[in-house]
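What follows is the residue order along each chain.
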Amino acid sequence: MTQQPARICILGGGFGGLHTALRLSQLPWEPSQRPEIVLVDHSDRFVFSPLLYELLTGELQTWEIAPPYQELLVTTGVRFCQGFVSEIDIDQQRVHLQDGPEISYDQLVLALGGETPLDTVPGATSYAYSFRTIADAYRLEERLRVLEESDADKIRVAIVGAGYSGVELACKLADRLGERGRFRLIEISDQILRTSPDFNRQAANKAIEARGLFLDLETKVEAIAQDSISLEYKNQVDTIPVDLVIWTVGTRVSPVVRNLPVKQNQRGQISTTSTLQVHDHPEIFALGDLADCLDAEGKQVPGTAQAAFQQADYVGWNIWATLTNRPLLPFRYQFLGEMMALGIDSATLTGLGIKLEGSLAYVARRLAYLYRLPTLDHKLKVGFNWLTRPIVETLYRK
């Protein structure tokens, strides 16, 4: 009697999940051992989130940073299933999808990422805009278009959080809105980009100052209304008129993950071994935002895209090793540097002994991200477009 191939179910198609699927499809399986790989995500498109800001400035198009999964996986043998995960039964080894099929698994990969918590401040759920998904970008684009087409002399924008996302959004939108934009960047701590290298923080501060953005440090958001935001600074609350509030603070693990009967930290992240396996459940791997991971040297792994990208390589290898009776590898995280966009055609970059800012850093950032795009076919399409677009635009203007 022929043994059924193992089924690997990967929940979440972000950096961690998609690259785990791609890695698994590339490993040297014996024909009799090749597993069935199923990738599940609620969206039909992968989102290269570090480039999401460029959609709002027209620097990039949706197809470049958010290609459909079906297109990316067409030659890999990976099966894509679109749906929301409603429950994970780790005893029966089954995944339940909302209004969809039930998927049994032999190996499970948890890569569902996180969500933006908007329910921590009154009014935020109703009136603030998050910026994490392609749907968020479309919704924000529509609001910006309405504001730009209005008769208002000034467009007042408050961005909550002066971390990476808040700073990049502020600079990009300031360049888009130009003289009409009035920006407040609100940060609860005493400086922007607390975990960033000094060079990048200094470059960001210069970019903020050059654009005339108002920086509210040590300031807490008390409430958000339809056309105002209430801020507390030194025990005094001021209510300020605003046309748009964008919320970039925090990441929360989804309820379906928090409900799992496995070891978690106080934030609901799943604790893993150095091989990225869930404690007491070696058939389950966890990575990315939802994982509380210490690497082989006992160092905390950050919840960044580059960390998830590296973890995916190890998860793919370790699942292959599990199914082919080979030793597993403990995860070793390598910090490769940090890049940030600071407006249109400008960026800052620190890493591997290099420090750049301005247009040169912008080009280096683009090339680094082109290399990180998910498949060779997509890299070639996007790279060709980036090379020819300036020529086409020049000819069109003539």
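Scoring rules and cut-offs
- Residues numbered from 1 in each chain as written.
- Predicted model: local features only at pLDDT ≥ 70, side-chain atom pairs only at ≥ 80, totals over all residues.
- Heavy atoms only, no water.
- Pairing = 2+ DSSP bridges.
- Helix = DSSP H or I, 4+ residues; strand = E, 2+ residues; numbered from the N terminus.
- Contact = heavy atoms within 4.5 Å.
- Axes fitted to C-alpha atoms, helices over the stretch in contact; angles between N-to-C directions.
- Salt bridge = Lys/Arg side-chain N within 4 Å of Asp/Glu carboxyl O.
- Buried < 20%, exposed > 50% of the residue type's maximum accessible area, 1.4 Å probe, protein only.
- UniProt positions renumbered as here; feature names shortened; annotations may be inferred.
- Left-handed = near helix turned anticlockwise from the far one by under 90°.
- Nonpolar A, V, L, I, M, F, W, Y, C, P; charged D, E, K, R; others polar.
- Expected span 1.5 Å × (residues − 1).

**Let's talk about the sheet that holds strand β2 (residues 36-41)**
Point 1. On the basis of which strands lie adjacent, the open sheet formed by 6 strands has the order β3-β2-β1-β7-β20-β19 and mixed pairing. With partners counted over all chains shown, the strands left at the sheet margins are β3 (79-82) and β19 (277-278), one partner each.
Point 2. Pairing between strand β1 (residues 7-11) and β2: 5 bridges, direction parallel. Within the sheet, the bridge partner assigned to Leu11 lies in β2 and is Val40.
Point 3. In the packing of helix α10 (residues 305-323) onto the sheet, contacts are made with β1, β7 (107-110) and β20 (281-286), and the angle to β7 comes to roughly 170°.

**Quick notes on the pattern of salt bridges**
Point 1. One pass over the full model with this rule turns up 25 salt bridges.
Point 2. Measuring nitrogen to oxygen at the nearest pair gives 3.6 Å for the salt bridge that ties Glu297 to Lys299.
Point 3. Here Glu297 falls in the exposed class, since its relative accessible area comes to 55%.
Point 4. The network of salt bridges with shared partners includes Glu54, Glu59, Glu168, Lys172 and Arg365.

**Some details on the UniProt feature "domain: FAD/NAD(P)-binding" (unreviewed entry) in the protein chain**
Point 1. The feature "domain: FAD/NAD(P)-binding" (unreviewed entry), as annotated in UniProt, sits at residues 7-312 in this numbering.
Point 2. Counting secondary structure, residues 7-312 comes out at 27% helix and 28% strand; the distance between its end C-alpha atoms is 17 Å.

**Focus on the packing of helix α1 (residues 15-26) against α10**
Point 1. Viewed as axis vectors pointing N to C, α1 and α10 meet at an angle of 35°, and their least axial separation amounts to 8 Å. As α1 runs across α10, the sense of the crossing is right-handed. Taking contact as the criterion, the partners of Phe15, Gly16, His19, Thr20, Arg23 and Leu24 in α1 are, on α10, Ala305, Ala308, Phe309, Ala312, Asp313, Val315, Gly316, Trp317, Ile319 and Trp320.
Point 2. The residue inventory of the contact of α1 with α10, partitioned by class, reads 10 nonpolar, 4 polar and 2 charged.

**Remarks on the pairing of strand β22 (residues 338-341)**
Point 1. Two elements, β22 and strand β23 (residues 347-351), share 4 bridges in a ladder whose sense is antiparallel. Bridge pairing links Met339 to Leu349 in β23.
Point 2. The turn joining β22 and β23, which pair antiparallel and follow one another in sequence, is formed by 5 residues; a positive phi near 105° is taken by Gly343.

**Considering helix α7 (residues 164-177)**
Point 1. Over its 14 residues, α7 runs 20 Å from end to end, which matches the ideal 20 Å to within 8%, given 1.5 Å per residue.
Point 2. Taken across its 14 residues, α7 has 11 buried, putting it largely inside the fold.
Point 3. Buried within α7 we find Ser165, Gly166, Val167, Glu168, Leu169, Ala170, Cys171, Lys172, Leu173, Ala174 and Leu177.
Point 4. Phi turns positive, to about 60°, at Gly178, one or two residues after α7.

**Focus: the pairing of strand β14 (residues 228-233)**
Point 1. Sheet topology places strand β13 (residues 220-224) next to β14; 4 bridges connect them, and they run antiparallel. Note that in β14 the partner of Ala223 across the bridge is Ser230.
Point 2. Linking β13 back to β14 in an antiparallel pair, the connection comprises 3 residues.
Point 3. The sheet contact formed by β14 and strand β15 (residues 236-241) spans 6 bridges and is antiparallel. Bridge pairing in β15 places Glu232 opposite Val237.
Point 4. Between β14 and β15, which pair antiparallel in sequence order, lie 2 residues; one of them, Lys234, sits at a positive phi of approximately 50°.

**A few points about α10**
Point 1. The terminal C-alpha atoms of α10 lie 27 Å apart, and with 19 residues this matches the ideal 27 Å at 1.5 Å per residue to within 8%.
Point 2. Within the sequence span of α10, burial applies to Gln306, Ala307, Ala308, Gln310, Gln311, Ala312, Val315, Gly316, Asn318, Ile319, Trp320 and Ala321.
Point 3. Buried positions along α10 lie against β1, α1, β7 and β20.
Point 4. Directly after α10, the chain includes Asn325, whose backbone phi takes a positive value near 55°.

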